[in-house]
Amino acid sequence: MAFIRKKQQEQQLQLYSKERFSLLLLNLEEYFFEQHTAHHIQHKGSQKERRVRGSLKICSKSVIFEPDAISQPIIKIPLRDCIKIGKHGENGTNRHFAKAKSGGISLIFSQVYFIKEHNIVAPYKIERGRMEYVFELDVSGKVEDVVETLLQITAILQSRLARTSFDKNRFQSVSEKLHMECKAEMVTPLVTNPGHVCITDTTLYFQPLNGYPKPVVQITLQDVCRIYKRRHGLMPLGLEVFCTEDDLCSDIYLKFYDPQDRDELYFYIATYLEHHVAERTAESYTLQWQRGHLSNYQYLLHLNNLADRSCNDLSQYPVFPWIISDYCSSELDLSNPGTFRDLGKPVGALNKERLERLLERYQEMLEPKFMYGSHYSSPGYVLFYLVRIAPEYMLCLQNGRFDNADRMFNSIAETWKNCLDGATDFKELIPEFYGDDVSFLVNSLKLDLGKRQGGQMVDDVELPPWARSPEDFLQKSKEALESNYVSEHLHEWIDLVFGYKQKGSEAVGAHNVFHPLTYEGGVDLNSIEDPDEKVAMLTQILEFGQTPKQLFVTPHPQRITEKFKSLPQTSCDSVSIADSPGEESFEDLTEESKKLAWNNIAKLQLHEQHKLHKEAVTGIAVSCNGSSVFTTSQDNTLKMFSTESKMLQRSISFSDMALSSCLLLPGDDTVLSSSWDNNVYFYSIAFGRSQGTLMGHDDAVSKICWHDNRLYSASWDSTVKVWSSVPAEMTGTKRHQFDLLAELEHDVSVDTISLNAASTLLVSGTREGKVTIWDLTTATILHQSQCHSGTVCDTAFSPDSRHVLSTGEDSCVNVIDVQTGMLISSMTSDKPQRCFIWDGNTVLSGSQSGELLVWDLLGGKLCERIQGHKGAVTCIWMNEQCSSIITGGEDRKIMFWKLQY
């Protein structure tokens, strides 16, 4: 779990010093500067005088004394409560004696805090009234410097950072080369620690100004897996570095004073990592999640990470949804939709009566309006859930106090009920509710968290009746998160928190409007000149809660579950039979062979090659039995090649202009060829002659498709036309006749089209880079997006019709979700990919370079390069079993490829 892992990392760091002191004892924007070995002199000059040895820590807003004896409390004296600071005896007769002998510092103040007496985590004890404490430093010569520091404390941080620099003696090797050095702060939950960042050709270093909790933190660049730019306090100043691939716990989180320093360091690390994808997009994870390669839990972790949610920043802690709404039943029924919360509504809109009251107030409110006065995620809410494992954080946040016992996290059911009914409680959950560590539910530290009104002490969290133990509760919560119901509806919650319903009119319509300060850009802290006002505003931003960075601006696609998966498509050379008990159908065997083929697609080997044309090959069609291959070319000819005799059997010329594509009609009797002369030509294989011409366009026909007696033709005249074939006997005297059913109009030339398996959808790609998905039942546009900056080279639906893949002259390989039109994956190659085939997960593309490239869409990477043609690969064909592939190229050749298992 995120917070527990982070806490363990911090504890490992603190083992270095073995102190009870931690930076959690400081206030917001307070800094720890230095420490000195000293004695606290109690009852100075009297018979009761007592000397307590310890460490005196000088901070920007307080003086803290940590006794060596753990039975003694840590003493914290706020500087704002100090009446006088000076050397002990400097106004009396003992001044010179004291300076020479003891090095005493006198603090006269009106308030003091006592913390961790007997090393027990408990609310701070406060003593008020005029008091004087005297501290004697072991090094008496430091007294004057310390007093001077305390008197000038407000300006000391930046001056100390300016006067100091990174200690180069801390380099791991004398051969390291310094790249850059700058000032920054290391961020941990509720704490920032100033110091110096230094990066060399091998290592990233952070050296705290105060040397706490260790003199230097170092990360070897070779170990870095991921880096993310972060916003901190709604400003673009953060950088988080991970040395793990799938984890929310980073190795270091840095906050810079200047965005340019952050960006320079980021660029250097990203450049260093040879195969590093600096920041993966949310869309690239969406495809993996949709196709079942990421769990709901993993996907939410990735979205939180990309939306600037970090376990180092409690104001932007990862947010997870309430899933279950039934906390009363003795058994949890995950097959019942009523068990689950409505994921299409924010927590504040789940209770209709409460929502009506909130909307009434919203209507009467002056601008800027908001529906909810508190957020769904804030440091207070995070620590509400985690107080049993992070009591010191709660004490830090609440100025040394725990919350009222009746307002603590006492019961899952009570908490849910309050989120439904409470006037100001709209909080969601945290990842720990779907993890494996139950410690946040159990009071294993035996903390005294107070007594409730009924008299019972606050102890372990009360679980719902259907949970036999904390472990069982987490297990069932995880099962609920991964259930079919949640998989089918999680996209609705993502729309609210990370997506298009997060802000603007869609947020208003979804009753999802929070205070303006919670949104990025809600306030410009740099424009506030008054330091006190600036700290007050920052405190409000950090403690109120922050809305995640918006990741999606269009509706989020739904997950593909078993309920929505398409049935496998049958092929012309596979026979459909009914399944018998204990037997596999031919379709099942075909699907298995396809999976096996695509799993081994990188093992493709060239089998044979033939030069058939005088110009580039533009189209390939193959008979069902594989005996004849038909190709078109820019040399104006249609060729027929025999795979058995390895001989060219026919060469046909229809026009003086290039042919752009070809296809075989069912039955393998007729070949269709499209031409740049605006026509589509029909050639009878049986009779060996042209059987008709369709003069259907005003410019070149770029691509044709056929399904169920319908012809689809794309043209440079900016249209795609749908034609219905009039039934006629296939005789030498009969001509094909076609009726125009629909005309799909575009703004510019259409260069490619493709049909989905059922021919209910068509995708087109234009010369200006637009990809359009059409509903053929109504001849209307479903989605249109500017996917490429140049011509779209090729498009195709996935076998399940859920996605469209497109390639373009801009060298991009893009995946679009058919349901929403959202671009959910984008990769870039060194050359444009002219053509491709794919199975929804893996792509085999023909490159401008002549190579065949294998892409892993789910991993977002290029897997293999296979040497092929001497010029661009222009067309590609694969058989139904995916075992045989033919490519055509600008080198005028066709190449036959076989899979080698």
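Okay, so let's go over this structure. (Residues numbered from 1 in each chain as written. Predicted model: local features only at pLDDT ≥ 70, side-chain atom pairs only at ≥ 80, totals over all residues. Heavy atoms only, no water.)

Further remarks concern the overall build of the chain. Summing up its helical and strand segments, the chain has 16 helices and 42 strands in all. Overall, the C-alpha framework of the chain stretches about 130 × 65 × 55 Å when taken along its three principal axes. Within the chain, buried positions represent 57% of all 901 residues. Expressed as a percentage of contacts within the chain between residues at least 6 apart in sequence, the contacts between residues at least 24 apart total 56%. Surface accessibility of the chain: about 38,900 Å² in total, with carbon and sulfur atoms responsible for 48%. Positive and negative charge centroids in the chain, built from 90 and 118 side chains respectively, lie 6 Å apart. (Helix = DSSP H or I, 4+ residues; strand = E, 2+ residues; numbered from the N terminus. Buried < 20%, exposed > 50% of the residue type's maximum accessible area, 1.4 Å probe, protein only. Contact = heavy atoms within 4.5 Å. Areas by Shrake-Rupley, 256 points an atom, 1.4 Å probe, with all protein chains shown as cover. Lys, Arg positive; Asp, Glu negative; His and termini not counted. Charge placed at Lys NZ, Arg CZ, Asp CG, Glu CD.)

To continue, consider the packing of helix H6 (residues 282-290) against helix H7 (residues 296-306). As a packed pair, H6 and H7 sit with axes 10 Å apart at the nearest point and diverge in direction by 175 degrees. By the angle between their axes, H6 is roughly antiparallel relative to H7. Contacts between H6 and H7 pair Ala282, Tyr285, Thr286 and Trp289 from the former with Asn296, Tyr299, His302, Leu303 and Leu306 from the latter. (Axes fitted to C-alpha atoms, helices over the stretch in contact; angles between N-to-C directions. Parallel < 35°, antiparallel > 145°, perpendicular 65-115°, else oblique.)

Interhelical geometry of H7 versus helix H13 (residues 484-497) gives an angle of 15 degrees and a closest axis separation of 11 Å. Here H7 lies roughly parallel to H13, going by the angle between them. Once H7 is placed against H13, the crossing between them reads as right-handed. Across the interface between the two elements, Asn296, Tyr299, Leu300 and Leu303 from H7 touch Val486, Ser487, Leu490, Trp493 and Ile494 from H13. Considered class by class, the residues forming the contact of H7 with H13 number seven nonpolar, two polar and no charged. (Left-handed = near helix turned anticlockwise from the far one by under 90°. Nonpolar A, V, L, I, M, F, W, Y, C, P; charged D, E, K, R; others polar.)

Here the focus is a negative patch on the surface. Taken together, the side chains of Glu529, Asp530, Asp532 and Glu533 present a region of like negative charge at the surface. Turning to its location among the elements, Asp532 is positioned in helix H15 (residues 531-544). (Patch = residues over 30% accessible without salt bridge, like charges linked within 9 Å, V, L, I, M, F, W, Y side chains within 5 Å. Salt bridge = Lys/Arg side-chain N within 4 Å of Asp/Glu carboxyl O.)

What the four strands build is an open sheet, ordered S15-S42-S41-S40; its pairing is antiparallel. Both outer strands of the open sheet, strand S15 (604-611) and strand S40 (873-878), are each paired with one neighbouring strand and no more. Averaged over all pairs of adjacent strands, the angle between their axes in this sheet comes to 20 degrees, without regard to strand direction. Sheet analysis places strand S41 (residues 884-889) next to strand S42 (residues 893-899), joined by five bridges and oriented antiparallel. If you follow Ile886 over to S42, its bridge partner there is Phe896. (Pairing = 2+ DSSP bridges.)

Take the sheet that holds strand S24 (residues 701-707) next. With antiparallel pairing, the four strands of this open sheet are ordered in space as S24-S25-S26-S27. The outermost strands of the open sheet, each flanked by one partner alone, are S24 and strand S27 (737-745). Averaged over all adjacent pairs, the angle separating strand axes in this sheet is 20 degrees, with direction ignored. Relative to strand S25 (residues 710-715), S24 runs antiparallel, the two sharing six bridges. By the bridge assignment, Cys705 is partnered in S25 with Tyr712.

Applying the stated criterion across every chain, the model contains 32 salt bridges. Across the pair Arg767 and Asp751 runs a salt bridge, and its minimum N-O distance is 3.7 Å. Remark: Asp751 occurs in strand S28 (residues 750-755) and Arg767 occurs in the loop between strand S29 (761-766) and strand S30 (770-775); sequence separation between them is 16 residues. You can call Arg767 partly exposed: its relative accessible area is 35%. Here the salt bridges share partners, and the residues they tie into one network are Arg230, Arg231, Glu240 and Asp308.

Right, let's get into the nonpolar core. One finds Phe433 and Phe498 to be the most contacted residues of the largest nonpolar core, which totals 118 residues. Looking at which element gives the most residues to this core, the answer is H13, with seven residues. Residues contacting Phe498, with those up to four places away along its chain left out, are Leu303, Asn304, Ala307, Val319, Trp493, Pro548, Lys549, Gln550, Leu551 and Phe552. (Core = buried A, V, L, I, M, F, W, Y, C linked by side-chain atoms within 4.5 Å.)

Moving on, we get to the environment of Ser335. Here Ser335 shows up in the loop between H7 and helix H8 (352-364). Among the polar contacts made by the side chain of Ser335, one reaches the side chain of Asp333 at a distance of 2.5 Å. (Polar contact = N/O pair within 3.5 Å; in protein donor to acceptor, adjacent residues only side chain to side chain.)

Attention shifts here to helix H11 (residues 412-421). Among the residues of H11, those classed as buried are Ile412, Thr415, Trp416 and Cys419. Burial along H11 is one-sided: seen end-on, the buried residues are contained in an arc of 100 degrees. On its buried face, H11 is in contact with H8, helix H9 (379-386) and helix H12 (470-481). Where H11 begins, one side-chain oxygen reaches toward the backbone nitrogen of Ala413, 3.3 Å away; that side chain belongs to Ser411. (Arc of directions from axis to C-beta.)

A cis amide bond links Tyr212 to the next residue, Pro213, at an omega of 0 degrees. By secondary structure assignment, the location of Pro213 is in the loop between strand S10 (203-208) and strand S11 (217-220). The amide bond that connects Glu367 to the next residue, Pro368, takes the cis arrangement and shows omega of -5 degrees. As for its position among the elements, Pro368 is in the loop between H8 and H9. In this model, Ala779 sits at a positive phi of 55 degrees, which is unusual for a non-glycine residue. Along the polypeptide, Ala779 turns up in the loop between S30 and strand S31 (780-786). Relative accessible area serves as the criterion here: at 32%, Ala779 is assigned to the partly exposed category.

By the secondary structure assignment, His39 is in strand S1 (residues 32-42). Since its relative accessible area comes to 15%, His39 is described here as buried. The residues contacting His39, other than those within four sequence positions of it, are Arg51, Val52, Arg53, Phe65, Val134, Phe135, Glu136 and Asp138.

Next up on the list: H12. Taking 1.5 Å per residue as the helical rise, H12 with its twelve residues ought to reach 16 Å, and the 17 Å between its terminal C-alpha atoms agrees with that figure. Along H12, the positions that sit buried rather than exposed are Asp472, Phe473, Leu474, Lys476, Ser477, Ala480 and Leu481. Check the buried side of H12 and you find it contacts H7, H11 and H13. (Expected span 1.5 Å × (residues − 1).)

This paragraph deals with the packing of aromatic side chains. Following the criterion strictly, the structure yields 37 aromatic pairs and no others. Relative to Tyr327, the ring of Trp322 lies with its centre 6.0 Å away and its plane at 80 degrees, an arrangement referred to as edge-to-face. For the ring pair Phe654 and Tyr681, a centre distance of 5.1 Å and an interplane angle of 5 degrees mean the geometry is stacked. Here Tyr681 lies in strand S22 (residues 680-684) and Phe654 lies in the loop between strand S19 (647-653) and strand S20 (659-664), a separation of 27 residues in the sequence. Assessed through its relative accessible area of 16%, Phe654 is described here as buried. Ring pairs connect the aromatic residues Trp322, Tyr327, Phe384, Tyr385, Phe409, Trp416, Phe433, Phe440, Trp466 and Phe473, which therefore count as one cluster. (Phe/Tyr/Trp six-rings, centres within 6.5 Å; stacked < 30°, edge-to-face > 60°.)

It is worth spelling out the pairing of S28 at this point. Along S28, six of the six residues are buried, which leaves the element largely enclosed by surrounding structure. What sits between the antiparallel neighbours S28 and S29 is a turn of five residues, in which Ser759 has the positive phi angle 55 degrees.

Attention shifts here to the environment of Asp403. With respect to the helices and strands, the residue Asp403 is situated in the loop between helix H10 (391-397) and H11. Spatially, the C-alpha atoms of Asp403 and Leu79 are 26 Å apart, while their sequence positions differ by 324 residues. At 3.1 Å, the side chain of Asp403 forms a polar contact with the side chain of Arg407.

Right, let's get into the pairing of S41. Of all the six residues making up S41, six are buried; the element is thus mostly covered by neighbouring parts of the structure. Burial along S41 is two-sided: the residues Ser884, Ile886 and Gly888 and Ile885, Thr887 and Gly889 are all buried. Counting the residues in the hairpin turn of S40 and S41 gives five residues, including Cys882, whose phi is positive at 65 degrees.

The next subject is the environment of Ser674. In this fold, Ser674 is placed in strand S21 (residues 670-675). Through-space distance from the C-alpha of Ser674 to that of Leu663 is 9.2 Å; in sequence the pair is eleven residues apart. With residues near it in sequence (within four places) discarded, Ser674 still touches Ala658, Leu659, Ser660, Ser661, Asn679, Val680, Val701, Ser702, Lys703 and Ile704. Among the polar contacts made by the side chain of Ser674, one reaches the side chain of Ser660 at a distance of 2.6 Å. A polar contact is formed between the side chain of Ser674 and the side chain of Ser661, at a distance of 2.7 Å.

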